[in-house]
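The chain contents come next:
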Amino acid sequence: MGRMKLEHALHAARALVLADLAAGEVAQADIVSLVEDAIAHRRWWVEQWPEGVAYVAGLVAQDVQDALLERYGRWPLCPVCTQGGDLHALDVEPELGPDPHWVCGKTAVAVAPVGSLGTTL
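Inspection of the secondary structure assignment puts Arg42 in helix H2 (residues 29–48). When sequence neighbours within four positions are dropped, the list of residues in contact with Arg42 reads Leu10, Leu59, Val60 and Asp63.

With that settled, the discussion passes to the side chain of His88. Along the chain, His88 falls in the loop between helix H3 (56–71) and strand E1 (91–93). Take His88: its relative accessible area is 11%, and that puts it in the buried class. What His88 contacts, discounting residues up to four positions off in sequence, is Arg74, Pro76, Leu77, Cys78, Cys81, Cys104 and Lys106.

At a closest axis distance of 9 Å, the pairing of helix H1 (residues 3–23) and H3 adopts a crossing angle of 45°. Relative to H3, H1 is oriented oblique. Crossing angle aside, the handedness with which H1 passes H3 is right-handed. Here H1 contributes Ala9, Leu10, Ala13, Leu16, Val17 and Leu21 to the contact with H3, which in turn contributes Val56, Ala57, Val60, Ala61, Val64 and Leu68. Considered class by class, the residues forming the contact of H1 with H3 number 12 nonpolar, no polar and no charged.

Turning our attention to the pairing of strand E3 (residues 110–113). As paired elements, strand E2 (residues 101–103) and E3 share 3 bridges and run antiparallel to each other. Each bridged residue has a counterpart across the sheet, and for His101 the counterpart in E3 is Pro113. Between E2 and the antiparallel strand that follows it, E3, lie 6 residues; Ala108 among them carries a positive phi value of about 65°.

As enumerated under the stated definition, the model contains 5 salt bridges in all. We note a salt bridge from Glu47 to Arg3, for which the minimum N-O separation is 2.9 Å. Here Glu47, found in helix H2, pairs with Arg3, found in helix H1; they are 44 residues apart in sequence, far enough to count as distant. For Glu47, a relative accessible area of 38% puts it in the partly exposed group. Overall, Arg3 belongs to the partly exposed group, its relative accessible area being 48%. For the salt bridge of Arg42 with Asp63, the shortest nitrogen-to-oxygen distance reads 2.7 Å. Of this pair, Arg42 sits in helix H2 while Asp63 sits in helix H3, and the two are 21 residues apart along the sequence. Just as Arg42 is buried, Asp63 falls in that class too. Three or more residues joined by partner-sharing salt bridges are found here, namely Arg3, Glu7, Arg43 and Glu47.

Parameters at a glance
- Residues numbered from 1 in each chain as written.
- Predicted model: local features only at pLDDT ≥ 70, side-chain atom pairs only at ≥ 80, totals over all residues.
- Heavy atoms only, no water.
- Helix = DSSP H or I, 4+ residues; strand = E, 2+ residues; numbered from the N terminus.
- Contact = heavy atoms within 4.5 Å.
- Buried < 20%, exposed > 50% of the residue type's maximum accessible area, 1.4 Å probe, protein only.
- Axes fitted to C-alpha atoms, helices over the stretch in contact; angles between N-to-C directions.
- Parallel < 35°, antiparallel > 145°, perpendicular 65-115°, else oblique.
- Left-handed = near helix turned anticlockwise from the far one by under 90°.
- Nonpolar A, V, L, I, M, F, W, Y, C, P; charged D, E, K, R; others polar.
- Pairing = 2+ DSSP bridges.
- Salt bridge = Lys/Arg side-chain N within 4 Å of Asp/Glu carboxyl O.

What follows is the structure, encoded as structure tokens:
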């Protein structure tokens, strides 16, 4: 795989996840650092498995979501299930595939493509 293709995929993934963080108003410096950590990890991952370049955006989103859960709590919260106080995070689907979307795991509603939460939050 060409270096330019790898860097383009990583920059695109970074931009998409940062857009979603900004939409949820959680793009503080320490959280942006989590994105950079995920990008560094996925750079190594794609260098080992070049065919996985199409999956980078979804994987970075999941990595950041996991890191946020460990440090801060659930993100992004589901805007579909707002009644009853049952707060839960959206899932990235497919877990390993191109064209990742944020999906409500309870209702199977596709909320937005990764990078487009600003249109729904």
